[in-house]
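Take a look at the letters that make up each chain.
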Amino acid sequence: MKHIYLTLTILAMTLLAACSGKETERPVLTVSVEPQRAILREIVGDRYDVVTLIGNGANPESYEPTMKARMAVENSKAFFTTGSMPFEHLIAEAIDTANVRIVDCSQGIEPIYGTHSHHHHELHGTHGHHGHVETDKDPHIWASVRNGRRIARTMLRAIIEIDPDGREYYTARHAVLDARLDSLDRAIRRKLDGNPGAAFAIWHPSLSYYARDYGLNQIAVGFENKEMTPTHLAHVAEEAKEHGVRVFFFQKEYDSRQAETLNREMQTRLVPINPMAYDWEKSLTEITEALTQ
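Predicted model, so just to flag it, every value in this text is computed and none were measured.

A. Main features of the packing of aromatic side chains. The tally for this structure, following the rule as stated, stands at six aromatic pairs. The interplanar angle of 75° and the centroid separation of 5.5 Å between the aromatic rings of Tyr169 and Tyr170 together place this pair among those described as edge-to-face. Using a relative accessible area of 25% as the deciding quantity, one classes Tyr169 as partly exposed. Here the aromatic rings of Trp203 and Phe250 are separated by 6.3 Å at their centres, their planes lie at 80°, and the arrangement is edge-to-face. Here Phe250 lies in strand E7 (residues 247-251) and Trp203 lies in the loop between strand E5 (199-202) and helix H7 (208-213), a separation of 47 residues in the sequence.

What follows is the structure, encoded as structure tokens:
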């Protein structure tokens, strides 16, 4: 009888521990956007839980961090930022950085300026203007395979500093990721080589770094959430035709009604994209396919 009682006691204690989750809890790392989570998970595997602050389809440039988001960062070993989103600075100022490492993933990436400062009023290409301020930096650093490789290297250095015992594990996983991204970069370049300087239209300028990588001309045509006047719409359509634009990329979080009207005026092919997708490699591949069809 005593043996049965002891067995039941041990079983109850085991189930209680399992339900509490304490034995299976993993340390947490936080990132700003889903493409970062995809890259970081490739490196850390199942040794960490990776949490994203901004869900798929949200606008990172207008995102305002909630208390829940700040608490998520507070409970993390590190917060991997894009380096230029306003909410990232707000969170960094609000948390105890003595306990949470802030990792700027834009390290080693040459920034692009000017793409977001005045695209509501005129067409312009990828590189923007030279007179800039730091807040004018294009934040979409993940929309580039080359940048993805740089982001991965920054993440690798940071995670090894956090967990030096896992150096070999993280380094090996990073090597696999880096080789795959190198192959993807080469594949995209081969596809686009026959069309240097090609222009594409986009509602919101989220492909600036992709365009720079492959010598393309990104033309931002959107008015964000403002209504286009007929005069402005006609002007945009005429300019797009002069640049030989055939493809118009559109992000679902913006006003599709205006985009459809503009697409008819420009006589382009409207292609929905999701630059915030977790599978950012697939997203860039689909963008390349749309440009080469």
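B. Main features of the sheet that holds strand E4 (residues 101-104). Strand order across the open sheet formed by four strands is E2-E1-E3-E4, with parallel pairing between neighbours. Since the sheet does not close on itself, it has two edges, and those belong to strand E2 (49-52) and E4, each with one partner. For this sheet, the mean inter-axis angle between neighbouring strands, taken without regard to orientation, is 25°. One ladder, built from four bridges, connects strand E3 (residues 78-81) with E4; its direction is parallel. Paired with Thr81 across the bridge in E4 is Asp104.

C. Structural context of unusual backbone geometry. In this structure, Gln267 takes a positive phi of about 60° despite not being glycine. Locating Gln267 in the fold gives a position in the loop between helix H9 (256-266) and strand E8 (269-273). Classification of Gln267 as exposed rests on a relative accessible area of 62%.

D. Highlighting helix H2 (residues 34-44). Within H2, nine of the eleven residues are buried, which leaves the element mostly enclosed by the surrounding structure. Where H2 is concerned, the buried positions are Glu34, Pro35, Gln36, Arg37, Ala38, Ile39, Leu40, Ile43 and Val44. Where H2 is buried, its residues contact strand E1 (28-31), E2, E3, helix H5 (145-162), helix H6 (167-192) and helix H10 (280-292). At the C-terminal side of H2, Gly45 shows a positive phi close to 60°.

E. Expanded view of the pattern of salt bridges. Using the criterion set out here, one finds ten salt bridges in the structure. Notably, a salt bridge pairs Glu281 with Arg180, separated by 2.7 Å at the nearest N-O pair. Remark: Arg180 occurs in helix H6 and Glu281 occurs in helix H10; sequence separation between them is 101 residues. Residue Arg180 is classed as partly exposed on the basis of its relative accessible area of 33%. A salt bridge links Arg186 to Asp182; the nearest nitrogen and oxygen atoms lie 3.2 Å apart. Here Arg186 and its partner Asp182 are both found in helix H6, four residues apart, which amounts to about one turn of the helix. Take Asp182: its relative accessible area is 22%, and that puts it in the partly exposed class. Put simply, Arg149, Asp178, Asp182 and Arg186 are held in one network by salt bridges that share partners.

F. Just the layout of surface pockets, in detail. Computed from the structure, the second largest pocket encloses a volume of approximately 150 Å³. Lining the second largest pocket are Val271, Pro272, Ile273, Asn274, Ala277, Asp279, Lys282, Ser283, Glu286 and Ile287. Those elements giving two or more residues to the lining of the second largest pocket turn out to be E8 and H10. Of the residues in the lining of the second largest pocket, the class split is five nonpolar, two polar and three charged.

G. Up close: the nonpolar core. Core analysis: the largest hydrophobic core is formed by 62 residues, its most contacted members being Ile43, Leu53, Phe80, Leu207, Tyr210, Phe249 and Leu291. With eight residues, the single largest contributor to this core is H5. In this structure, Ile219, Val245, Phe248 and Ala259 belong to the second largest nonpolar core, which totals 17 residues.

H. Geometry of empty space enclosed by the protein. A full pass over the atoms with the stated rule returns three cavities of 30 Å³ or more. As a volume, the largest cavity reaches approximately 70 Å³. Taken together, Asn59, Pro60, Glu61, His140, Trp142, His204, Ser206, Gln251, Glu253, Tyr254, Pro275 and Met276 make up the lining of the largest cavity. Looking at the lining of the largest cavity, its residues break down into five nonpolar, five polar and two charged.

Definitions and cut-offs
- Residues numbered from 1 in each chain as written.
- Predicted model: local features only at pLDDT ≥ 70, side-chain atom pairs only at ≥ 80, totals over all residues.
- Heavy atoms only, no water.
- Phe/Tyr/Trp six-rings, centres within 6.5 Å; stacked < 30°, edge-to-face > 60°.
- Buried < 20%, exposed > 50% of the residue type's maximum accessible area, 1.4 Å probe, protein only.
- Helix = DSSP H or I, 4+ residues; strand = E, 2+ residues; numbered from the N terminus.
- Pairing = 2+ DSSP bridges.
- Axes fitted to C-alpha atoms, helices over the stretch in contact; angles between N-to-C directions.
- Contact = heavy atoms within 4.5 Å.
- Salt bridge = Lys/Arg side-chain N within 4 Å of Asp/Glu carboxyl O.
- 1 Å grid on protein atoms, 1.4 Å probe; cavity = no way out; pocket = protein on both sides within 12 Å on 5 of 7 lines; lining within 4 Å.
- Points joined across faces, edges and corners; volume = space filled by probe spheres on them.
- Nonpolar A, V, L, I, M, F, W, Y, C, P; charged D, E, K, R; others polar.
- Core = buried A, V, L, I, M, F, W, Y, C linked by side-chain atoms within 4.5 Å.

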